[in-house]
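# Report on the structure
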Amino acid sequence: MSIFPAPDPLEPQAARAATRAPWWGPARPSFLLLTLACMAWAVACCGWLARQHGQVLDWAAAALATLGALAAHLGSNALNEYADFRSGLDAQTQRTPFSGGSGVLPARPALANVALGMGVAGLALSATTGVYFLWRHAAAWPVLLPPGLAGLVLAAAYTPWVTRHPWLCLNAPGLGFGPLMALGTAAVLLGGLTAQSAATMGLAALLPFGLANALLLLNQYPDVEADRRAGRRTLPMVLGKERAWPVLAAQYLLAYGALLATVVARDVPHSALLGLLTFPLAVKTVHCAARHANDTPALLPAMRWNVLVSLATPVLAAAGVVGGA
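These notes cover the structure that comes with them. Please read all numbers here as calculations on a predicted model, not as lab measurements.

### Points about the overall build of the chain
For the chain, the helix and strand inventory stands at 14 helices and zero strands. Secondary structure elements of the chain occur, N-terminal to C-terminal, as α-α-α-α-α-α-α-α-α-α-α-α-α-α. In terms of overall size, the chain behaves like a compact globule, its C-alpha atoms giving a radius of gyration of 19 Å where 325 residues would be expected to give roughly 20 Å. Out of the 325 residues in the chain, the part that is buried amounts to 53%. Long-range pairs, those at least 24 residues apart, make up 79% of the contacts in the chain between residues at least 6 apart in sequence.

### Quick word on the side chain of Thr-96
By secondary structure assignment, the location of Thr-96 is in the loop between helix H3 (59–87) and helix H4 (104–107). Side-chain polar atoms of Thr-96 contact the side chain of Ser-99, separated by 2.9 Å.

### Considerations on the environment of Asp-90
Among the secondary structure elements, Asp-90 is positioned in the loop between H3 and H4. Classification of Asp-90 by relative accessible area gives buried; the value is 6%. For Asp-90 and Leu-277, which are 187 residues apart along the polypeptide, the C-alpha to C-alpha distance reads 37 Å.

### Points about unusual backbone geometry
For Arg-28, which is not glycine, the phi dihedral falls at a positive 50°. By secondary structure assignment, the location of Arg-28 is in the loop between helix H1 (11–19) and helix H2 (33–52). Unlike most non-glycine residues, Asp-267 shows phi in positive territory, near 60°. Relative to the elements of secondary structure, Asp-267 occurs in the loop between helix H12 (245–266) and helix H13 (279–291). Take Asp-267: its relative accessible area is 55%, and that puts it in the exposed class.

### Concerning helix H8 (residues 195–204)
Taken together, the buried positions of H8 are occupied by Ser-197, Thr-200, Met-201 and Ala-204. Looking straight down H8, one finds its buried side chains confined to an arc of 90°; they lie on one side. At its buried positions, H8 is contacted by H2, helix H7 (166–189), helix H9 (206–219) and H12.

### Comments concerning the side chain of His-137
Following the sequence through the fold, His-137 ends up in the loop between helix H5 (112–136) and helix H6 (141–157). Among the polar contacts listed, one links the side chain of His-137 to the backbone oxygen of Val-188, at a separation of 3.3 Å.

### Some thoughts on the nonpolar core
Grouped together as the largest cluster of nonpolar side chains are 69 residues, with contacts concentrated most on Trp-41, Leu-189, Met-201, Leu-218, Leu-248 and Tyr-252. For this core, the element with the highest residue contribution is H2, accounting for 12 residues. When near neighbours in sequence (up to four residues on either side) are disregarded, Leu-189 contacts Val-43, Cys-46, Leu-57, Asp-58, Ala-61 and Ala-62.

### A few points about H7
If you check H7, its first and last C-alpha atoms are 34 Å apart, about what 24 residues at 1.5 Å a residue would give, namely 34 Å. Just past H7, the residue Gly-191 takes up positive phi, approximately 75°.

Reading guide: rules and limits
- Residues numbered from 1 in each chain as written.
- Predicted model: local features only at pLDDT ≥ 70, side-chain atom pairs only at ≥ 80, totals over all residues.
- Heavy atoms only, no water.
- Helix = DSSP H or I, 4+ residues; strand = E, 2+ residues; numbered from the N terminus.
- Rg over C-alpha atoms; globule rule 2.2 N^0.38 Å.
- Buried < 20%, exposed > 50% of the residue type's maximum accessible area, 1.4 Å probe, protein only.
- Contact = heavy atoms within 4.5 Å.
- Polar contact = N/O pair within 3.5 Å; in protein donor to acceptor, adjacent residues only side chain to side chain.
- Arc of directions from axis to C-beta.
- Core = buried A, V, L, I, M, F, W, Y, C linked by side-chain atoms within 4.5 Å.
- Expected span 1.5 Å × (residues − 1).

Taken by themselves, the reported measurements are silent on function.
Here's what the structure looks like:
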């Protein structure tokens, strides 16, 4: 399943693509780009903090931390696919390139156990990288262990439990891709967190927090009826899709406001404001979501723009930090 769709890619095209999908389809590989984008921002901020103290960033550790984050995301994706297939939700969902799962397991049921194994293996690999960093940075246990454990619990509990609680379901993606990922990365790459680094990374983490929440929130619009039948309670379901757009706008404003505050209050290089280049596209996304909340084909452009904003904003901001340091 591609994160950037061909024109009008609704159910018939998605179903045909799923029958040709490889065994690793339940991992939703293209969706892992979000992890890379968020880690780029976290690592760039850590690199800047390290240079402020005359240190050199350990790029091997940064690569391993990124691998651990990717493994956790992959594992969560695969477990989500497995749970939705076993519950029958997949059979009721109007699938789009951005929502409703990959469609691989309904088309190829024999891959269900592969998806389960992939999910468990992904979380196990992520946990293994965490144990390695705990062994390597024994002094960082108090700040490294809690985000690591919370991230694994969130990844495993998202489908069976988090999706039953609308406001938690809204904020859970942001917690994973924002504070947990950013603070865990900082603890690993900086050998712990001082008051200064914690304040900088905590503020910087609100950028991916808002973007990830916005991404998942809009992707829930087409799934409302299927999710309702499966016992889920998402925010578009509780508020109504046509009334959820202010929450989407608020997530964007939080993300861009955090970027501005990180530059102004924490003295991060001003070139990080390159991330603001995506703001007009975010406005366009909210406008489209408000107008076409109940019309999935008309909503697809907004879902595409939402993906672009979520990926491009942290990458541009990270590039600005690296280039301006």
